[in-house]
Amino acid sequence: MTVRYFKNDGIRDSRENSVSAYPLDMWYVVALSKELSSVPIARMVLDKPIVIYRTPDGQVNVLEDRCCHRDLPLSSGTIEEQGIRCGYHGLLYDGSGKCIEVPGQKKVPSKARVSSYHVKEQDALVWVWFGAEENSEPLSQPPRYEVHNNEAYVYGGDVYHYDAPYQLIHDNLLDLSHLGYVHLHTIGGDAKIHMNAEMNVTSEGETVRVTRYMRNSNPPPTYLAAYPFKDKVDRWQEIEFCPSHLKIWTGAVDVNTDAVDDPNRGGFHMRGLHCVTPESPTSSHYFWTIATNPIDNVEGIKAKVIEQTALTFDEDKVVIEAQYANMKRFEGKPMIDIHVDVAANKARRIIESMKSS
Ligand code: FES
Ligand SMILES: [Fe+2]
């Protein structure tokens, strides 16, 4: 039996050992494109307060959320053609963080600037580079997520805030055996079937893959609401973990009608994207989308799948925040591992190695 003490759960802060609390030199999602409006977004990401905004010409900029004059958050300012204007004395900043106008003063002081971040908007996601060194150039491109551009699917999503460390959310997403207990009324179904699923876990580099197949099982309520299954189904769950996000493809086909592991399988699909971005060692942003492939009543089924998914994630949030609150109350008590923890433990080892490299 393995006994485990989670490191970096916010209780024993890894920064005490001068190791970053998070993997760096990578891209993190800081917003869904649909969040950007005419009002700037204030968000704390990896302990850094940032302002995210889109200029009228469509460009997304990310700056530190601070005016260099008297420190008012720039997020309380206004968006203009050329950038963002502070809401106190009107300094105007361009996308690079340089102050380009001081109202009533001819010369702009050369030191009037704030830090800016490398940002890339693609696939309806806003990615920001967080380097190990301040102001470092990105060493890679942000990951692509083609499902958002695939015409076979419709999707929607939301942003949740968690009072819990990001790795507890990874643990939850990598262990779908909890579906039968936590999500009994949505995507769950029979708990025993989940616990006894045919499971395979592999890892390569910074990726962990999990496949779970549950043959000849009853379709759960969400599936029945969205697709005309005849009776029993063969279900699959395929998870791919990367440090910045997880892709979870779940679904079902009528029993014995299609290969449950065929890449081109039919049936009912739910493709989830889960971008878990630390806010601080003890809190997280969770950007999620869910895509599905309705065969008719597209808008109705899309709305139903998004609603059911949101309910599901509400259930996870309750569990994970309660878990974290209790970890603090029982700080230092050992935890044991069981068979469902294999993938989550692999992911924890990857994150650990990235933090110390
Ligand atoms: S605090 Fe921003 S202009 Fe004065
Ligand atoms: Fe869950």
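Small disclaimer: the values here were computed from a predicted structure and weren't measured.

Conventions we followed
- Residues numbered from 1 in each chain as written.
- Chains lettered and ligands numbered in written order.
- Predicted model: local features only at pLDDT ≥ 70, side-chain atom pairs only at ≥ 80, totals over all residues.
- Heavy atoms only, no water.
- Pairing = 2+ DSSP bridges.
- Helix = DSSP H or I, 4+ residues; strand = E, 2+ residues; numbered from the N terminus.
- Domains from an automatic or database assignment.
- Contact = heavy atoms within 4.5 Å.
- Buried area = accessible area lost by both parts, 1.4 Å probe.
- Salt bridge = Lys/Arg side-chain N within 4 Å of Asp/Glu carboxyl O.
- Polar contact = N/O pair within 3.5 Å; in protein donor to acceptor, adjacent residues only side chain to side chain.
- Nonpolar A, V, L, I, M, F, W, Y, C, P; charged D, E, K, R; others polar.
- Buried < 20%, exposed > 50% of the residue type's maximum accessible area, 1.4 Å probe, protein only.

Q: So, the pairing of strand E4 (residues 48–54): which residues are in play, and what are the values?
A: Direction of pairing for strand E3 (residues 41–45) relative to E4: antiparallel, over a ladder of five bridges. Within E4, the position partnered with Ile41 by the bridge is Ile52. Counted along the chain from E3 to the antiparallel partner E4, the turn is two residues long, and its residue Leu46 has a positive phi close to 50 degrees. By the bridge criterion, five bridges tie E4 to strand E5 (residues 60–64) in an arrangement that is antiparallel. Across the sheet, the residue bridging to Arg54 is Val60, located in E5. With antiparallel pairing between neighbouring strands as the criterion, E4 and E5 make up a hairpin whose turn holds five residues, including Gly58 at a positive phi of roughly 100 degrees.

Q: Account for the domain arrangement of the protein, with residues named and values stated.
A: Assigned domains of the protein: these are domain 1 (19–130) and domain 2 (146–356). Contact residues are listed per partner, giving 23 residues for domain 1 and 26 residues for domain 2. Regarding the contact of domain 1 and domain 2, the summed buried area is about 1,800 Å², with carbon and sulfur atoms giving 67% of it. Counting the contacts that link domain 1 with domain 2 gives zero salt bridges. Remark: the boundary between domain 1 and domain 2 carries eight residue pairs in polar contact (both at pLDDT 80 or more). For the side of domain 1 that touches domain 2, the element with the highest residue contribution is strand E2 (residues 26–32), accounting for seven residues. Grouping the amino acids of the side of domain 1 that touches domain 2 by side-chain chemistry returns 17 nonpolar, one polar and five charged.

Q: Quick one: what's the story with the sheet that holds strand E9 (residues 99–101), residue by residue and with numbers?
A: Taken in spatial order, the four strands of this open sheet run E6-E7-E8-E9, and their pairing is antiparallel. Every interior strand has two partners, whereas the edge strands, strand E6 (78–80) and E9, have only one.

Q: So what about the side chain of His183? Which residues, and what values?
A: When you line up the elements, His183 lands in the loop between helix H2 (179–182) and helix H3 (191–195). In terms of polar contacts, His183 uses its side chain to reach the side chain of His178, at 3.2 Å.

Q: Describe the pattern of salt bridges, naming the residues involved and giving the relevant values.
A: Following the criterion strictly, the structure yields 15 salt bridges and no others. When the shortest N-O distance is used, the salt bridge between Glu321 and Lys317 registers 2.9 Å. Highlighted residues: Glu321 and Lys317, both in helix H5 (residues 298–329), separated by four residues, approximately one helical turn. Residue classification places Glu321 among the partly exposed positions, given a relative accessible area of 22%. Taking the relative accessible area as the measure of exposure, Lys317 reaches 23% and is therefore partly exposed. Linking Glu352 and Lys355 is a salt bridge whose minimum nitrogen-to-oxygen distance equals 3.6 Å. Placement of the pair is Glu352 and Lys355 together in helix H6 (residues 342–356), with a separation of three residues, close to one helical turn. Glu352 sits in the partly exposed class, given a relative accessible area of 27%.

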